Amino acid sequence: MPAPVTLRTLQNRYEKQEPITVITAYDATFARLVDEVGIDAILVGDSLGNVIQGFRTTIPVTLDEMVYHTAAVVRATRRAHVIADMPFGSYGASVEDSVRSAARLLKEAGAHAVKLEGGAAFVPDIRRMVDIGIPVMGHLGLTPQSVHKLGGYSVQGRGDAGPQLLQDALALQEAGVYAIVLEMVPADLAIEVTQALRIPTIGIGAGNGTSGQVLVGYDMLGLNDGFSPKFLKRYANLADTVREATATYISEVGDRSFPGPEHSFKR
Ligand code: KIV
């Protein structure tokens, strides 16, 4: 059994300036595969609202759904650190509400940590979670749960918004988060924030100056081929693989070449 990745492991990697690798997964099969090849952390992102459930935003995702998917990922993971996203509405109404939601993700699903979106406004919630033993990852820049407030999925932190983002990052660090996701922020701002902190930053669309990177698994593997943001690199083209394999299956069942003798039982 490989040694599990813990908060200490991640902090050590950060201190040695070794990039931290994170990918999203939502089910046991995916989690097992990415865990086997040595990913540091698996984020059960509320992006499951987009890539699994087919919603246009992450807003409809529920806490029950996050518990369900996180539990599947945890069951298949041997080494990686597993972070569960707190979905929209499961935190922020009150500190008590936030803590109870986060506790479900650790207690019922087995997550090692939770992630929530937002800045200084969430300091009391984060402090309380950290105080009772729940590791919290922050998320700044493009925070998709606020899509209606932000007016779309555009780059954040440009111009006057840069200093505010830095202040939010410092406030989250002070509250006790162990890492912060920086999504869709200018590369130079991501470097400035990373240099101002003593905890890792994990970038997505934030250049290569962060302490680590995260990508949505379905996007990175080219399954979600209608989604092509500038920052995305596709490391495979699984959408075509799925189409081609399924078309071959349809054709072979149609002409009865599948199942052949090698896939059939004898009496
Ligand atoms: O939900 C998610 O997948 C995320 C990542 C994009 C960071 O929050």
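Residues numbered from 1 in each chain as written. Predicted model: local features only at pLDDT ≥ 70, side-chain atom pairs only at ≥ 80, totals over all residues. Heavy atoms only, no water.

J.: So what exactly am I meant to see when it comes to the pairing of strand β8 (residues 212–215) here?
T.: Note on strand geometry: in a regular strand, side chains alternate between the two faces of the sheet. When strand β1 (residues 20–24) meets β8, the two strands line up parallel, connected through 4 bridges. Across the sheet, the residue bridging to Val22 is Val214, located in β8. Where strand β7 (residues 201–204) lies against β8, 2 bridges are found, and the strand directions are parallel. Bridge pairing in β8 links Gly203 to Gln213. (Pairing = 2+ DSSP bridges. Helix = DSSP H or I, 4+ residues; strand = E, 2+ residues; numbered from the N terminus.)

J.: Which parts of the structure should I look at to understand the nonpolar core?
T.: The tendency in soluble globular proteins is for nonpolar side chains to be buried as a group. Counting 75 residues, the largest nonpolar core has Met129, Ile180 and Leu182 as its most contacted members. Residues in contact with Ile180, not counting those within four places in the same chain, are Gly138, His139, Leu140, Ala169, Leu172, Leu197, Ile199, Pro200, Thr201 and Ile202. (Core = buried A, V, L, I, M, F, W, Y, C linked by side-chain atoms within 4.5 Å. Buried < 20%, exposed > 50% of the residue type's maximum accessible area, 1.4 Å probe, protein only. Contact = heavy atoms within 4.5 Å.)

J.: Which parts of the structure should I look at to understand the pairing of strand β2 (residues 41–44)?
T.: Covered by surrounding structure in β2 are Ala41 and Leu43 together with Ile42 and Val44, the residues of both alternating faces. Two strands pair when backbone bridges link them, and β1 and β2 are joined in this way by 3 bridges, in the parallel orientation. Note on β2: the bridge partner recorded for Thr24 is Leu43. Remark: the β1/helix α2 (residues 28–36)/β2 crossover connection has right-handed handedness. Two elements, β2 and strand β3 (residues 81–85), share 4 bridges in a ladder whose sense is parallel. Each bridged residue has a counterpart across the sheet, and for Val44 the counterpart in β3 is Ala84. (Right-handed = clockwise from strand over helix to strand, strands pointing away.)

J.: What am I meant to see in a nonpolar patch on the surface here?
T.: A cluster of nonpolar side chains, Tyr249, Ile250, Val253 and Phe258, forms an exposed patch at the surface whose accessible area comes to about 390 Å². Looking at where Val253 falls in the secondary structure, it is placed in helix α11 (residues 238–254). For Val253, a relative accessible area of 40% gives the class partly exposed. (Patch = residues over 30% accessible without salt bridge, like charges linked within 9 Å, V, L, I, M, F, W, Y side chains within 5 Å. Areas by Shrake-Rupley, 256 points an atom, 1.4 Å probe, with all protein chains shown as cover. Salt bridge = Lys/Arg side-chain N within 4 Å of Asp/Glu carboxyl O.)

J.: Got a minute to help me understand the site of the ligand in this structure?
T.: Within the structure, the ligand sits among 13 residues, and Gly45, Asp46, Ser47, Asp85 and Lys115 are positioned closest to it. The side chain of Asp85 places a nitrogen or oxygen atom 3.1 Å from an oxygen atom of the ligand. Measuring from an oxygen atom of the ligand, one finds a side-chain N or O atom of Lys115 at 2.9 Å. Across the shell around the ligand, the residue classes break down as 5 nonpolar, 4 polar and 4 charged. (Near = heavy atom within 4 Å. Polar contact = N/O pair within 3.5 Å; in protein donor to acceptor, adjacent residues only side chain to side chain. Nonpolar A, V, L, I, M, F, W, Y, C, P; charged D, E, K, R; others polar.)

J.: Just to check I follow, could you spell out the sheet that holds β1 for this structure?
T.: Ordered by their spatial adjacency, 8 strands build a closed barrel running β1-β2-β3-β4-β5-β6-β7-β8, and the pairing between neighbours is parallel. On average, each strand axis in the sheet is tilted by 25° relative to the strand beside it, whichever way the strands run. The strands touched by helix α5 (residues 95–107) are β3 and β4 (113–115); relative to β4, the strand with the most contacts, the crossing angle is about 135°. (Axes fitted to C-alpha atoms, helices over the stretch in contact; angles between N-to-C directions.)

Any functional reading would require information that these geometric values do not contain.
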